[in-house]
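# Coordinate analysis (summary)
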Amino acid sequence: MLFNSYAFLGVFLPAVLAGFYALRRQALRLVFVVVASYVFYAYSALWFPALMAGSTAISFAGGRLVAAERDPRRRKLILAVGIAGTLALLLYFKYAQFVAGNASSFVSVITGRGLPSLKAFTEGIALPVGISFYTFEAISYQVDVYRGDVPVERNPLRYAFFISFFPHLIAGPIVRYGKLEPQLRRFYRFDVDLFVSGLLLFSLGLAKKVLVADQIAVRTDRLLGSPGQLGLFGSWGAMLGYAFQIYFDFSGYSDMALGLARMVGIELPWNFDRPYRARSPREFWRRWHVTLSSWLRDYLYIPLGGNRKGELRRDANLLATMGLGGLWHGASFSFLFWGLWHGGLLAGQRHVSKLGLRVPAVLATAATFVLVTIGWVFFRMRSPGAIRDVLGGMTGLHGVGALPSRTLLGLLSAAAVLMWGVPEEWRWRLGGWSVPRVAAVGALAAVAVVFLNSTQRFIYFKF
Amino acid sequence: MARIAAFFATVALVLGGVAALDWWVDPFDDRYDPAPLAAALAQPRPCFVGWDVFSTRAWPELKLDYFRRRDARVVVVGTSRAGKIGALPGELQFANLNVPGTGPETLAPLFRRLHSMGHGRLTVYLSVESFWFGRGWRTQASFTHSYLRSTKYLLSTQTLHATLDELRQAPGAIRHPRALRAWGIFRRRGGRCVVSRGNTVLAGAGNTWAPDGELWYNEEVTGAPRPHGQPIAALEHGGYVGSRLDPGRVDALEDALAVARGYGWRVVGTSLPYSDYWRVRLARDSATRGVVTAFARRMPGLFARYGFRFLDLTNVRSVPCGAHSFSRFDGGHPDVACARKIRRLLDAAAAS
């Protein structure tokens, strides 16, 4: 179910809020929200909840067994088995097709036949939405219990809530159990300021998605549909458009998730902080999809050795971490290249920073934005030919070409004003807003509702 | 709490404003306007109504208006294939309610609405199609009033864009929204008259509804040569595909028959002719054979279970009509002459 759908706004959300506040005991509320979240997930496909229940059971049991074991070697073994069990579902559903397809192509080069039956089998595998997100949450819980960072959860209901809570189920933010667990222990009493803050944040997120991201998407999709015809202006217009589209799409979703959670008294971690204001690639990753980048740092980069084993190893760790981070988005070489591009930027930045150059802030921000936008080419375009076409256009190899439409330029200007002129919405003190401001956001939400029927899926739903 | 109330009040106000504006301007003619049909039927020699006067979404209401104004007691229900089954000379209380896209799900709500109009015991000639029961069929005609559908229409981006476009191009439309889509009565010298927008129908564009609700193609009104149309069996090919009849659609048909029986109506079901080429091809093609043969086998018994007769006229010679008695050479829409013979058979079946 999409947050930006009539079914969610008109039926699901009002029913959940009414049910939640009608229940006067915390345990009943937890049961109610877990059931509602499973219904929410089943709306996509009836078998998805079974998969999530399996992942929940494996990681819950893994956490319990790790906590119960005293022998360090056996603890490590249990952790490895628990992670492998959780990860196996993700690997099968997300990467089997990719691996089988490439293996078949490789075998075909040698034998001339490939592996048609294996390829046909894996092509029937459907990717369950949200699996990448809740798998990472389940892994982080087991590792945190192993490290002693969070106490083991003995209540399966609270743990099921952590995995399935519908605001973050489909596309994050990736929540750590330590952040959520204390909030699940207390009975939340209705707080009008927090509710208003949630309502407004949700509405602003909806407006960002429907009125900005989707409007840009219509124009950039048209341009990127025939990348070979794009000149310098067209390709930059399209890619700048995509850079803003993906930001407003995903941060809009994150705002909606944070807002929904606030409506039931839960604070989720923020995910974005106007990332294109970053003055370096490193800062960019402290502002872009922060719950993923911090997950990769804590559970991949640091365990690989981080920057503790010399420069060469550090650079390799950055490339490996970001390459795997790219593959997390999708089983495709273009995502891998996108990750490696960012790994290269992060490693390159470390070397350049040693030169002690003083770059004006505006220039550093512009350079970072341009480099990130070039990276989006790998993210957006799937085939090598299309990537080559767009990069060729951006470097002027296809001539100057026509300017993008005035509507697209207007949308890009508006997006730029929001990006560099206004702080990220979750930072706004929405809970204290007066009636006229609240009414203004209500009007914005109403306009967004009118645009719902021409809306598009969230980009991150397919990851 | 005042802020929460202000939020939802503003949302309601803005959405209400947009919906009211879209409803008033109604850029896609979603609302049915009874005036054109009233004018057409009020002429000394009633006029045809051009398809350009109403949007396709308003067709069900138009057909109900035919039923109401003609005080009909005998009706034809079905797709465009039943479009030529017309009133007998001098017969007033007859209406052809065919709507393209009619399917089994259309029927029960239609029957309930006909009954609610209080015309007493009706005789219904129900043209049933084998392509209703295959995998690829989608019923489009609906006589059910859906508030959700209306709300989606009034609150859609496309409707708002069209409304604003219309107001930008003609600001006066806010006071007289239908002025931009004005209709008139156009006459052919010594011939038929047509209610349409501009002289489009008589100039050769657009089909019409006849005064009894029949579907008349443009060339049948204007006398132009018959064009080659796409064969119905090719057009609806997906509807014939399958190995058995869709059980949900069979249930919908049975619901409708049960409703008709409950009202004490007389129903005669029929399957209308195809050209020999298409009849044989549909029966032999492995993709369509299952549905077509199951349909032929099942329908007579199904109608009989509710006390109704079913005439299988799929074979054009069973009427009998000529091999080419079809509009537009499409092999699926019986022409006027053939439809008259069909009407006589239906009347005989209803009387027996």
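Because the structure is predicted, anything quoted here is derived from the model rather than measured. (Residues numbered from 1 in each chain as written. Chains lettered and ligands numbered in written order. Predicted model: local features only at pLDDT ≥ 70, side-chain atom pairs only at ≥ 80, totals over all residues. Heavy atoms only, no water.)

## Remarks on the state of the cysteines
Residue and element names in this part refer to chain B. Using the following cut-off: Here, the term disulfide refers to a pair of cysteine sulfur atoms separated by no more than 2.5 Å. Where helices and strands are cited, they refer to DSSP runs of H or I of at least four residues and of E of at least two residues respectively, numbered from the N terminus.
Per the stated rule, a full pass over the model turns up two disulfides over all chains. One disulfide bridge connects C47 with C193, the sulfur atoms lying 1.9 Å from each other. Its S-S torsion of approximately -100 degrees makes the covalent link between C47 and C193 left-handed. Of this pair, C47 sits in the loop between α2 (35–42) and β1 (48–50) while C193 is found in strand β6 (residues 193–196), placing the two residues 146 residues apart along the sequence. Each disulfide pairs two cysteine sulfurs, and for C321 the partner residue is C338, the sulfurs being separated by 2.0 Å. Across the S-S bond linking C321 and C338, the dihedral sits near 95 degrees, which makes this disulfide right-handed. Of this pair, C321 sits in the loop between β10 (309–312) and α13 (336–351) while C338 sits in helix α13, and the two are 17 residues apart along the sequence.

## Considerations on the interface of chain A and chain B
The cut-off we apply is this: Should any heavy atoms of two residues lie within 4.5 Å, those residues are counted as being in contact. Summed over both partners, the accessible area lost on bringing two parts together, with a 1.4 Å probe, is the buried area. Any Lys or Arg side-chain nitrogen found within 4 Å of a carboxyl oxygen on Asp or Glu counts as a salt bridge. Pairs of N or O atoms are called polar contacts if they sit within 3.5 Å, as long as, within protein, a hydrogen donor faces a hydrogen acceptor (for residues adjacent in sequence, only side-chain-to-side-chain pairs). Lys, Arg, Asp and Glu make up the charged group, whereas Ala, Val, Leu, Ile, Met, Phe, Trp, Tyr, Cys and Pro make up the nonpolar group; the residues left over, Gly among them, are polar.
At the junction of the two partners, chain A supplies 28 residues and chain B supplies 18 residues. For chain A, the biggest contributors to the area lost against chain B are Y6, L199 and V450 of chain A; these three give 27% of the whole. Here chain A is connected to chain B by one salt bridge. Across the pair D193 of chain A and R3 of chain B runs a salt bridge whose closest N-O atoms are separated by 2.5 Å. Our count for the chain A to chain B interface comes out at four residue pairs in polar contact (both at pLDDT 80 or more). Contributing elements (two or more residues each) for the side of chain A that touches chain B: α10 (192–224) and α19 (435–450) of chain A. At eleven residues, the largest contribution of residues to the side of chain A that touches chain B is made by α19 of chain A. Within the side of chain A that touches chain B, the residues separate by chemical class into 20 nonpolar, seven polar and one charged.

## Some remarks on the sheet that holds β6 of chain B
All names here are of chain B. The criterion, for reference: Strand pairing follows a simple DSSP-based rule, namely that at least 2 bridges must link the two strands. Angular values range over 0 to 180 degrees, each being the angle between N-to-C directions of two axes fitted as lines to C-alpha atoms, with helices fitted over their stretch in contact.
The strand order β5-β6-β1-β7-β8 describes an open sheet built from five strands, whose pairing is mixed. Each having just a single partner strand, β5 (184–187) and β8 (215–216) make up the two edges of the open sheet. Direction of pairing for β1 relative to β6: parallel, over a ladder of two bridges. Residue pairing across strands places F48 opposite V194, the latter belonging to β6. α2 contacts β1, β5 and β6 of the sheet and is inclined by roughly 150 degrees relative to β1.

## A look at the packing of helix α6 (residues 131–147) of chain A against helix α13 (residues 290–301) of chain A
Residues and elements named next belong to chain A. The cut-off we apply is this: Comment on the angle field: the value is read as roughly parallel under 35 degrees, roughly antiparallel over 145, roughly perpendicular from 65 to 115, and oblique elsewhere. Note on convention: the crossing is left-handed when the near helix lies turned anticlockwise from the far helix by less than a right angle, right-handed when the turn is clockwise.
Close contact between α6 and α13 brings their axes to 12 Å; oriented N to C, the two are set at 40 degrees. By the angle between their axes, α6 is oblique relative to α13. Our pair here, α6 against α13, has a crossing hand that is left-handed. Two secondary-structure elements touch here, α6 through F136, I139, S140, V143, D144 and R147 and α13 through L292, W295, L296, D298 and Y299.

Read these as geometric descriptors, not functional statements.
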